[in-house]
Amino acid sequence: MATRIAVIDPDRERALMIVDSLREAGDYDIHVFGDETGIARKLASIDPDIVLIDLASPSRDMLEQVALASGALERPVAMFVDHSDEGMIRAAIEAGVSAYIVDGLHKDRIKPILETAIARFHNFARLRAELEATKSALAERKLLERAKGLLMKAKGIPEDEAYALMRRTAMDQNRKIVEIAQSIVTAAEIMG
């Protein structure tokens, strides 16, 4: 199945140049939008794999609208602009744009920029997943520690016995130890 690319460009000639470059570079299913009006609905209708945006001078509102509408956290977004400033670059990065290219729309550069945007997007997606996994592990660890503390206090047992009791209970009930810990904490809150 061909990669679906949405091209957002109000300048018809530049949009055609992007399309020609993409067609020369590979087998893509390309959809061009010349007007940002209703862009969220338009993008949702084709659910693109990648979004390429070419704007002479984007406003912050338009940047946020397009980035949010294109699902910058769900797919790579490359933005070509003619003029920019530090604030606009920062806003683009915060909005999740994978590649922000100032005065860089040249036919021979589109494919490498597209590949860079995809690689960068996947790198950030991996980092986001790792961060979420780390946060989840930390939350589980805190929950286990709290449940151990409650058992130690309630039963007057040392830490290793409290952990062994939770582990044994989890195995006996065919549940995860974190589920047992959550039950202990919930019961303590109800009884508390």
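Residues numbered from 1 in each chain as written. Predicted model: local features only at pLDDT ≥ 70, side-chain atom pairs only at ≥ 80, totals over all residues. Heavy atoms only, no water.

K.L.:
Please explain the sheet that holds strand 1 (residues 3-8) as it appears in this structure.
P.N.:
Strand pairing in a sheet relies on backbone hydrogen bonds, with the paired strands running either antiparallel or parallel. Read from one edge to the other, the open sheet built from five strands follows the order 2-1-3-4-5, with strand pairing classed as parallel. Edge strands, defined here as strands with exactly one partner in the open sheet, are strand 2 (28-33) and strand 5 (99-102). Along the sheet, successive strands turn relative to each other by an average axial angle of 15°, direction set aside. Bridge count between strand 1 and strand 2: six bridges; the pairing is parallel. When the bridges of strand 2 are listed, Val7 appears paired with Val32. Its contacts with the sheet place helix 1 (residues 12-25) against strand 1, strand 2 and strand 3 (50-55), and it is angled at close to 175° to strand 2. (Pairing = 2+ DSSP bridges. Helix = DSSP H or I, 4+ residues; strand = E, 2+ residues; numbered from the N terminus. Axes fitted to C-alpha atoms, helices over the stretch in contact; angles between N-to-C directions. Contact = heavy atoms within 4.5 Å.)

K.L.:
Even after reading the chapter, I still don't get helix 6 (residues 159-172), so can you show me in this structure?
P.N.:
Because an α-helix packs 3.6 residues into every turn, residues spaced three or four apart end up facing the same way. Compared with an ideal rise of 1.5 Å per residue, which puts 14 residues at 20 Å, helix 6 spans 20 Å between its outermost C-alpha atoms and is within 8% of the ideal. Where helix 6 is buried, its residues meet helix 5 (110-155) and helix 7 (177-191). Looking one or two residues past helix 6, Asn174 carries a phi angle of roughly 55°, positive in sign. (Expected span 1.5 Å × (residues − 1).)

K.L.:
Help me understand unusual backbone geometry in this model?
P.N.:
Most peptide bonds are trans, and most residues other than glycine sit at a negative phi. Positioned with a positive phi, Asp47 is a non-glycine residue whose angle comes to about 45°. Counting through the fold element by element, Asp47 comes out in the loop between helix 2 (39-46) and strand 3. If you check the backbone angles, Asn174 has positive phi at about 55° while not being a glycine. Looking at where Asn174 falls in the secondary structure, it is placed in the loop between helix 6 and helix 7.

K.L.:
Before we go on, may I ask you to explain the packing of helix 5 against helix 7 in this structure?
P.N.:
When two helices pack together, their arrangement is captured by the angle between the axes and the distance separating the axes. Two elements in contact, helix 5 and helix 7, have axes separated by 9 Å at closest approach and are oriented at 55°. Our classification of the angle between helix 5 and helix 7 gives oblique. When the axes of helix 5 and helix 7 are compared, the crossing they make is left-handed. On helix 7, the residues that touch Glu140, Leu143, Leu144, Arg146, Ala147, Leu150 and Leu151 of helix 5 are Ile177, Val178, Ala181, Gln182, Ile184, Val185, Ala188 and Glu189. Broken down by class, the residue content of the contact of helix 5 with helix 7 amounts to eleven nonpolar, one polar and three charged. (Parallel < 35°, antiparallel > 145°, perpendicular 65-115°, else oblique. Left-handed = near helix turned anticlockwise from the far one by under 90°. Nonpolar A, V, L, I, M, F, W, Y, C, P; charged D, E, K, R; others polar.)

K.L.:
Would you take a moment to explain the nonpolar core for this structure?
P.N.:
Ile5, Val7, Ile18, Leu22, Leu52 and Leu114 are the most contacted members of the largest nonpolar core, which totals 18 residues. Among the elements of the structure, strand 1, helix 1, strand 2, strand 3, strand 4 (77-81), strand 5 and helix 5 are those that each provide at least two residues to this core. With four residues, the single largest contributor to this core is helix 5. In this structure, Leu22 is in contact with Ile5, Val7, Tyr28, Ile30, Leu52, Ile110 and Leu114, ignoring residues within four places of it in sequence. Core analysis: the next-biggest nonpolar cluster, separate from the first, contains 16 residues, Ile39, Leu55, Val81 and Val97 among them. (Core = buried A, V, L, I, M, F, W, Y, C linked by side-chain atoms within 4.5 Å. Buried < 20%, exposed > 50% of the residue type's maximum accessible area, 1.4 Å probe, protein only.)

K.L.:
Teacher, can you tell me more about helix 7 here?
P.N.:
With 15 residues, helix 7 should reach 21 Å at 1.5 Å per residue; the first-to-last C-alpha distance of 21 Å fits that figure. Taken residue by residue, helix 7 has Ile177, Val178, Ile180, Ala181, Ile184 and Val185 as its buried positions. With its buried residues spanning 160° around the axis, helix 7 presents them on a single face. In this structure, helix 7 carries Glu189 and Ile190 as exposed residues pointing more than 90 degrees from its buried face. Of the surrounding secondary structure, the elements contacted by the buried residues of helix 7 are helix 5 and helix 6. (Arc of directions from axis to C-beta.)

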